[in-house]
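# Residue-level structure breakdown
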Amino acid sequence: MISPNAHLFLGILTEGPQHGYRIEQIINERGMRKWTDLGFSSIYYILEKLEKKGLVASKPSRGKEKKEYQISPLGLEELRKASLERLSQPKPTHSQLMTGLATCFLLDQKELLQTLSLRKKQLELDLLSMLEEEKQIPDQNPVANKLFRLGQTMLEAELSWLDQEVKDLKGGSNDGL
């Protein structure tokens, strides 16, 4: 199966041919950096790998320096297969948090409270930012709406969990952690 970043690129290319720089702009405009670990320096590397696998094709555009990429029929089929698999198979979405929680017994109650409180504050800022971004994007397509709703729901669920954990830690309770 294709990687999550390749999946993201191929999905963007289904909207039409794009330059690498435009793909970067789309990622930023849509707030995709909040849920992907894709770095700017990886864009052309990933596009080259996709081209070698026959999933995208490129053609020169506006001089020799720029290439425009488009999804190939094989890329479209691989994207379709990956979409089916990713949507049907639940995978851990918070593996970093879960890994940290698995060893949180190494922290004293004060450290754990500070750490979870810091995470909570950051997630609150992320949620506010997401809601502002959503307001500023006119006429979003249905897929963008789904992504925003899922992101918002996930942030709200984690914030609810964090509220209870912080409350328990402040009250001196250590059950569950």
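Throughout this document, residue positions are counted from 1 along each chain, in the order its sequence is written. Thresholds applied to this predicted model are a pLDDT of at least 70 for local features of residues and 80 or more for the giving and counting of side-chain atom pairs; totals over whole chains, interfaces and linings are not thresholded and use all residues. Processing note: side-chain calculations cover all non-hydrogen atoms of the structure and skip hydrogens and water entirely.

## Thoughts on the pattern of salt bridges
Within this document, salt bridges are pairs made up of a side-chain nitrogen of Lys or Arg and a carboxyl oxygen of Asp or Glu, the two lying within 4 Å of each other. A full pass over the atoms with the stated rule returns seven salt bridges. In this structure, Glu29 and Arg22 form a salt bridge, with 3.0 Å as the shortest nitrogen-oxygen distance. For Lys81, the salt bridge goes to Glu78, with nearest N and O atoms at 3.7 Å. With a gap of three residues between them, Lys81 and Glu78 both fall in helix H4 (residues 73-88), about one helical turn apart. Helix and strand assignments follow DSSP, with helices taken as H or I runs no shorter than four residues and strands as E runs no shorter than two, numbered in order from the N terminus.

## Looking at the sheet that holds strand S1 (residues 18-19)
Note on pairing: DSSP must find at least two bridges between two strands before they are called paired. As summarised here, the arrangement of the three strands in space is S1-S3-S2, forming an open sheet in which the pairing is antiparallel. The sheet terminates laterally at S1 and strand S2 (56-60), the two strands that pair on one side only. Bridge analysis of S1 against strand S3 (residues 67-71) gives two bridges, and the strand direction is antiparallel. Its bridge partner being in S3, Gln18 is matched across the sheet by Tyr69. The sheet contacts of helix H1 (residues 4-13) involve S1, S2 and S3, and relative to S3 the element is tilted by about 95°. The contact definition used throughout considers only heavy atoms, calling two residues in contact when any of these lie within 4.5 Å. Orientation is described by axes fitted as lines to C-alpha atoms, over the contacting stretch for helices, and by angles from 0 to 180 degrees between their N-to-C directions.

## With respect to the packing of H1 against helix H3 (residues 43-52)
Running from N to C, H1 and H3 point in directions that differ by 80°, and their axes come no closer than 10 Å. Between H1 and H3, the interaxial angle falls into the category roughly perpendicular. Seen from H1, the contacting residues are Asn5, Ala6, Phe9, Leu10 and Leu13; seen from H3, they are Ile43, Ile46, Leu47 and Leu50. Relative orientations are named as follows: roughly parallel for angles under 35 degrees, roughly antiparallel for angles over 145 degrees, roughly perpendicular for angles from 65 to 115 degrees, and oblique for any other angle.

## Description of the pairing of S3
Consecutive residues of a regular strand have side chains that alternate between opposite faces of the sheet. Summarising the sheet, S2 and S3 pair through five bridges and their orientation is antiparallel. When the sheet's bridge partners are listed, Ser58 is paired in S3 with Tyr69.

## What about the packing of H1 against helix H2 (residues 20-29)?
A pair of packed helices can be characterised by two numbers: the angle between their axes and the separation between those axes. In contact at an axis separation of 11 Å, H1 and H2 are set at 100° when each is read in the N-to-C sense. For the element pair H1 / H2, the angle class is roughly perpendicular. Of the residues in H2, those touching H1 at Leu8, Phe9, Ile12 and Leu13 are Ile23, Ile26 and Ile27. Class assignment for the residues of the contact of H1 with H2 results in seven nonpolar, no polar and no charged. Just so you know the grouping, Ala, Val, Leu, Ile, Met, Phe, Trp, Tyr, Cys and Pro go in nonpolar, Asp, Glu, Lys and Arg go in charged, and all remaining residues, Gly too, go in polar.

## Things to note about the confidence of the model for the protein chain
Think of pLDDT as the predictor's per-residue confidence, scored from 0 to 100. Of the residues in the protein chain, 92% reach a pLDDT of 70 or more, and the chain-wide mean stands at 87. Between the elements of the protein chain, mean pLDDT differs from a low of 86, seen in helix H5 (residues 95-102), to a high of 95, seen in S3.

## With respect to the nonpolar core
What is meant by a nonpolar core is a set of buried Ala, Val, Leu, Ile, Met, Phe, Trp, Tyr and Cys residues, joined one to another through side-chain atoms within 4.5 Å. Classification of residues uses two cut-offs on accessible area relative to the type maximum, computed with a 1.4 Å probe and protein chains only: under 20% is buried, over 50% is exposed, and between them is partly exposed. Counting 22 residues, the largest nonpolar core has Phe9, Leu10, Ile27 and Leu50 as its most contacted members. Looking at this core element by element, the count peaks at six residues for H1. Core analysis: the second largest hydrophobic core is formed by 13 residues, Cys104, Leu116, Phe148 and Leu159 among them.

## Some details on the environment of Pro90
Inspection of the secondary structure puts Pro90 in the loop between H4 and H5. A relative accessible area of 75% places Pro90 in the exposed class.

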